[in-house]
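# Coordinates in review
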Amino acid sequence: MTVVTRFPPSPTGFMHIGNARTALFNWLYAKHTGGKMVFRIEDTDRARHSEAAVQAIINGLTWLGLDWDGDIVSQFARKDRHAEVAHELLKAGKAYYCYCSPEELEEMREKAKAEGRATFYDRRWRDSKATPPEGVQPVIRIKAPLEGSSTIHDHVQGEVTVQNEQLDDMIILRSDGTPVYQLAVVVDDHDMGVTHVLRGDDHLNNTFRQNVIIEAMGWKQPQYGHMPMILSDDGSKMSKRKGGATLEEFQAMGYLPEAMCNYLLRLGWSHGDDEIISRQQAIEWFDLDGIVKSPARWDYDKLNHLNAHYIKEADDARLVELLTPFFDPSLRGAAGDAAIQTRLKSMMPELKSRSVTLVQMAEEAAFLVKSVPLDMNEAAAKLLDADGKAMLSQLSERFSALDVFTHDKIEETCRALATDTGAKLGKIMMPLRAALTGRDKSPSLFHAIEILGKEETLARISYAIR
Ligand code: GLU
């Protein structure tokens, strides 16, 4: 059997982090088994539908580096096929027309509530010989089993059983001929050849209802794996409103896709004590048994640890490119210049070792992109007092005299000035750092000075001591 998994998000306008994990797990399982992952947009809610919302999901998958097999399927575009199945079930006597009025249904609902029943529809049109009322467009309801129980062997939840009396004869086709969600999902999964359904456990209840349709059609049930929720770091449900719940937010916070994938993987799946798991290893190792059964809490420390790791591993040129959108808008143009990109790339080893996120890296690297007049923070401005400026003035003269402007020569010059003036090296380096970066902290200065070059260095010093 070729495994076919699926990723069927509803286009909400963003990629929820839970959805991102669902996509990853389905993708990994497909890759692990040499199978496929199909991609369907559950876009039947036309009132809220937009192309931009679909694009957000596609962007999310692309950013994570997850691909899919075949074309993207629109659930809405398949509505005739869904209706066709409803009619097929009708013809086979597995479903029936129901002509109940809203008032009748309300009455049944009240009654069920009073009696404490989970289902309310009294199945009055099931096997009914009554004459349909005039002018009423019926719905189609499926015949759910009346007794016994249904069990699924879920790869994550284990054996789950519900009593069939919990299942109602649900509507599968509305009176206007549109299919309900449960029917659409089942028909699409079947037609797309889905063998494994890995999704959030908020869909566990749906599974039993969907299985009624699957059984009635005589189709084979897919294998299920219902994954527990991801909780926020405070243990509450992750919501877009509170922030930190969408992939786009983590992208903007400067996390790398490979760190996100590794983190999301570890958040819901384990392989011994392994924390850092490459994509290749993930494909090799991923199985359904490793999916953890309890809800996982978001842990920024762990995510940061992974991100720092993947930043160190990342290709320098790629990081330079990724960094651009993280600079202040006023610097983004300059950040694209070839000369500035060369600077950033040369500084990358130091930047990598100091950064947990791309946001932080962009802050650290901004001085390489800026030019005179440099903005100064307060701490830097303080370092440029009269003593500091005097020191820089002497240093500037000595730098000017240098023919080769290399790390070693620069360091030698700074040290010589310290010796000659009897000052501690710090008394030179601190104002120098302020003059060159506008900050009181920066990556290794000797190297940075070499990268900035003689002309730029002298221009910055001259501006600082003006
Ligand atoms: N469209 C559903 C969602 O985004 C997924 C349904 C399913 O996996 O069956 O939650």
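Scoring rules and cut-offs
Within every chain, residues take consecutive numbers counted from 1 along the sequence as written. In view of the model being predicted, local features appear only for residues whose pLDDT reaches at least 70, and side-chain atom pairs are presented and counted only at 80 or more, with totals across whole chains, interfaces and linings using the full set of residues. Side-chain measures here rest on the full set of heavy atoms in the structure, leaving out hydrogens and waters. A molecule or strand has a residue near it when one of that residue's heavy atoms lies within 4 Å. We define a polar contact as two N or O atoms separated by no more than 3.5 Å, with the added condition that, inside protein, one atom must be a possible hydrogen donor and the other a possible acceptor, whereas residues neighbouring each other in sequence contribute only through side-chain atom pairs. Three categories are distinguished: nonpolar for Ala, Val, Leu, Ile, Met, Phe, Trp, Tyr, Cys and Pro, charged for Asp, Glu, Lys and Arg, and polar for the others, with Gly belonging to the last. By this definition, two strands are paired if DSSP reports at least two bridges between them. By the criteria applied, helices consist of DSSP H or I runs no shorter than four residues and strands consist of E runs no shorter than two, each listed in order from the N terminus. Note on classification: 1.4 Å probe, protein chains only; a residue is buried when its accessible area is under 20% of the maximum for its type, exposed when over 50%, partly exposed between these limits. The contact definition used throughout considers only heavy atoms, calling two residues in contact when any of these lie within 4.5 Å. All axes are obtained by fitting lines to C-alpha atoms, using only the stretch in contact for helices, and the reported angles, taken between N-to-C directions, cover 0 to 180 degrees.

### Side note on the site of the ligand
Within the structure, the ligand sits among Arg6, Pro8, Pro9, Ser10, Glu42, Tyr181, Arg199 and His203. Within the contact set of the ligand, a nitrogen atom lies 2.8 Å away from a backbone nitrogen or oxygen of proline 8. A distance of 3.0 Å separates an oxygen atom of the ligand from a polar atom in the side chain of histidine 203. For the shell around the ligand, a count of residues per class yields three nonpolar, two polar and three charged.

### Looking at the pairing of strand 7 (residues 158-163)
Pairing analysis gives six bridges linking strand 6 (residues 149-154) to strand 7, with the strands arranged antiparallel. By the bridge assignment, histidine 153 is partnered in strand 7 with glutamate 159. Hairpin connection from strand 6 to strand 7: three residues lie between these consecutive antiparallel strands.

### Some points on the pairing of strand 5 (residues 139-142)
Both faces of strand 5 are covered, namely the face carrying Val139 and Arg141 and the face carrying Ile140 and Ile142. With four bridges joining them, strand 4 (residues 95-98) and strand 5 adopt antiparallel strand pairing. From the neighbouring strand, tyrosine 97 faces strand 5, where its bridge partner is isoleucine 140. The sheet contact formed by strand 5 and strand 8 (residues 171-173) spans two bridges and is antiparallel.

### A closer look at the environment of glutamate 284
Tracing the chain through its elements places glutamate 284 in helix 9 (residues 279-285). Distance in space between the C-alpha atoms of glutamate 284 and leucine 306 is 20 Å, their sequence separation being 22 residues.

### Quick notes on the sheet that holds strand 1 (residues 4-7)
If you walk across this open sheet you meet the three strands as 1-2-3, and the pairing is parallel. The open sheet is flanked by strand 1 and strand 3 (73-74), the only strands paired with a single partner. Looking at chain direction, strand 2 (residues 36-41) and strand 3 are connected through two bridges and run parallel. Of the residues in strand 3, the one forming a bridge with isoleucine 41 is serine 74. Lying on the sheet, helix 1 (residues 17-33) is in contact with strand 1 and strand 2; it crosses strand 1 at an angle near 165°. Contacting strand 1 and strand 2, helix 2 (residues 51-64) runs over the sheet at an angle of about 155° to strand 2.

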